[in-house]
Amino acid sequence: MKLLFFGPPGAGKGTQAKMVAEKFNIPHISTGDMLRNSVKNKTEIGLKVAEILERGDLVSDDIMNALVKETLAELDSFILDGYPRTLPQAEFLEEALKSMNKNIDKAVLIDVSEEEVVKRISSRRVCPECGKVYNIISLKPIKDNICDVDGHELVQRTDDKEEVVRDRYQVYLKNTEPVIEFYKKNNKVVTIDGAMDVPDVTKELFNILGNLSL
Ligand code: AMP
């Protein structure tokens, strides 16, 4: 199964992509996680992109395309979470897949309004060690502010601050909506109401994807 996951910042796309990846045993490729790891490990790319991520801007298409192409070449099924985010990235992806005789099966759009996103994002926390995402209202860790997986203290991502979230939403509308339109024209898009509770979104996703028989 080859899936793309779309959604504005705070839609819960990363959380849902991870659940689907586990359920269907598909590798989960999150470009946001890859970039945050590069920043954490101070790699060459990490040093280049750290400030861009903090501002909530987009990393250049060239960097993103190179990063993703290398990864996809080795995979027969995948969930791409956070890529493509611009039309040039979508065009690059389509060409790259074509040259590998591969094709996207579905693009999942988890749709949420800007106000809902702003409301919920202030309660998002993440484990700085393993990247697991929590929400202190709707997806609490077992122990307050502590990661269930490895016991590290949870933090708020710099790009989860309200001003940054609003900027990121605008960046999403301007750059990524045209990409979603592109996949809609090809009848690939499945839209899910991301304002529902996390478990309900997951249930609906499992239903839809389970019925695809890919
Ligand atoms: P995410 O976790 O998907 O929200 O990504 C976090 C940040 O990483 C974004 O705000 C961008 O700065 C950067 N990023 C992730 N994926 C891409 C992409 N496909 N193109 C450009 N920037 C990206």
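Use the structure listed above.
Overview of the structure. Note that the structure is predicted; figures quoted are calculated from it, not measured.

**As for the overall build of the protein**
On a plain count of helices and strands, the protein comes out with nine helices and seven strands. Relative to the compact-globule value of 17 Å for 214 residues, the protein shows a C-alpha radius of gyration of 16 Å, a close match. Its C-alpha atoms give the protein principal-axis dimensions of about 45 × 40 × 30 Å. Taken across its 214 residues, the protein has 46% of its residues classed as buried. Excluding contacts between residues fewer than 6 apart, the proportion of contacts in the protein whose partners are at least 24 apart in sequence is 70%. Surface summary for the protein: the accessible area is close to 11,200 Å², and the carbon and sulfur share equals 49%.

**Describing the environment of Ala-195**
Relative to the assigned elements, Ala-195 resides in the loop between β7 (189-193) and α9 (198-210). For the pair formed by Ala-195 and Gly-12, sequence separation is 183 residues and the distance between their alpha carbons is 9.4 Å. Sequence-distant contacts of Ala-195, defined by excluding residues within four places in its chain, comprise Asp-111, Val-112 and Arg-120.

**Focus: helix α6 (residues 114-121)**
Regarding α6, the residues found buried are Glu-114, Val-117, Val-118, Arg-120 and Ile-121. The elements touched by buried residues of α6 are β5 (124-126), β6 (133-135) and α7 (162-175).

**A few points about the side chain of Asn-135**
Looking at where Asn-135 falls in the secondary structure, it is placed in strand β6. Once residues lying within four places of it in the same chain are set aside, the contact partners of Asn-135 are Arg-120, Ser-123, Arg-124 and Lys-140.

**Regarding the site of the ligand**
Taken together, 16 residues are adjacent to the ligand, and Thr-31, Asp-57, Gly-82, Gln-89 and Arg-168 come closest. Here a nitrogen atom of the ligand and a backbone polar atom of Gly-82 are 2.9 Å apart. For the ligand, the protein covers 96% of the area, taking 480 Å² as the surface of the free molecule. Counting residues per element, the shell around the ligand draws most heavily on helix α2 (residues 31-40), at four residues.

**Remarks on the environment of Asp-160**
Along the chain, Asp-160 falls in the loop between β6 and α7. Counting along the chain gives 101 residues from Asp-160 to Val-59, while the straight-line C-alpha distance between them is 17 Å. If sequence neighbours within four positions are ignored, Asp-160 has contacts with Ile-121, Arg-124, Val-165 and Arg-168. At a separation of 2.9 Å, a polar atom in the side chain of Asp-160 contacts the side chain of Arg-124.

**Considering helix α4 (residues 61-72)**
Counting along an α-helix, one turn takes 3.6 residues, and residues three or four places apart therefore face a common direction. Helix length check: α4 (12 residues) gives 16 Å between terminal C-alpha atoms against 16 Å at 1.5 Å per residue, within 8%. Residues of α4 that are buried: Ile-63, Met-64, Asn-65, Leu-67, Val-68, Thr-71 and Leu-72. Buried residues along α4 sit in contact with β2 (28-30), α2, α3 (44-55), β3 (78-81) and α5 (87-99).

**Digging into the packing of aromatic side chains**
Aromatic ring pairs are defined here through the distance separating the ring centres and the angle between the ring planes. Enumeration according to the criterion identifies four aromatic pairs in this entry. Plain terms: the ring middles of Phe-6 and Tyr-183 are 6.1 Å apart, the flat faces sit at 40° to each other, and that makes the pair tilted. Residue Phe-6 is found in strand β1 (residues 2-6), and its partner Tyr-183 is found in helix α8 (residues 177-185); the two are separated by 177 residues along the sequence. Taking relative accessible area as the criterion, Phe-6 reaches 3% and is therefore assigned buried.

**Notes on the nonpolar core**
Counting residues in hydrophobic clusters, the biggest one holds 27 residues, and the most contacted among them are Leu-4, Phe-6, Val-59, Phe-78, Leu-80, Leu-93 and Tyr-183. Mapped by element, the contributors of at least two residues to this core are β1, α3, α4, β3, α5, β4 (106-111) and α8. Top contributing element to this core by residue count: α4, with five residues. Excluding residues that lie within four positions of it along the chain, Phe-78 makes contacts with Met-1, Lys-2, Leu-3, Ile-26, Pro-27, Ile-29, Leu-72, Leu-97 and Ile-104.

Thresholds, definitions, all that
Residues numbered from 1 in each chain as written. Predicted model: local features only at pLDDT ≥ 70, side-chain atom pairs only at ≥ 80, totals over all residues. Heavy atoms only, no water. Helix = DSSP H or I, 4+ residues; strand = E, 2+ residues; numbered from the N terminus. Rg over C-alpha atoms; globule rule 2.2 N^0.38 Å. Buried < 20%, exposed > 50% of the residue type's maximum accessible area, 1.4 Å probe, protein only. Contact = heavy atoms within 4.5 Å. Areas by Shrake-Rupley, 256 points an atom, 1.4 Å probe, with all protein chains shown as cover. Near = heavy atom within 4 Å. Polar contact = N/O pair within 3.5 Å; in protein donor to acceptor, adjacent residues only side chain to side chain. Expected span 1.5 Å × (residues − 1). Phe/Tyr/Trp six-rings, centres within 6.5 Å; stacked < 30°, edge-to-face > 60°. Core = buried A, V, L, I, M, F, W, Y, C linked by side-chain atoms within 4.5 Å.

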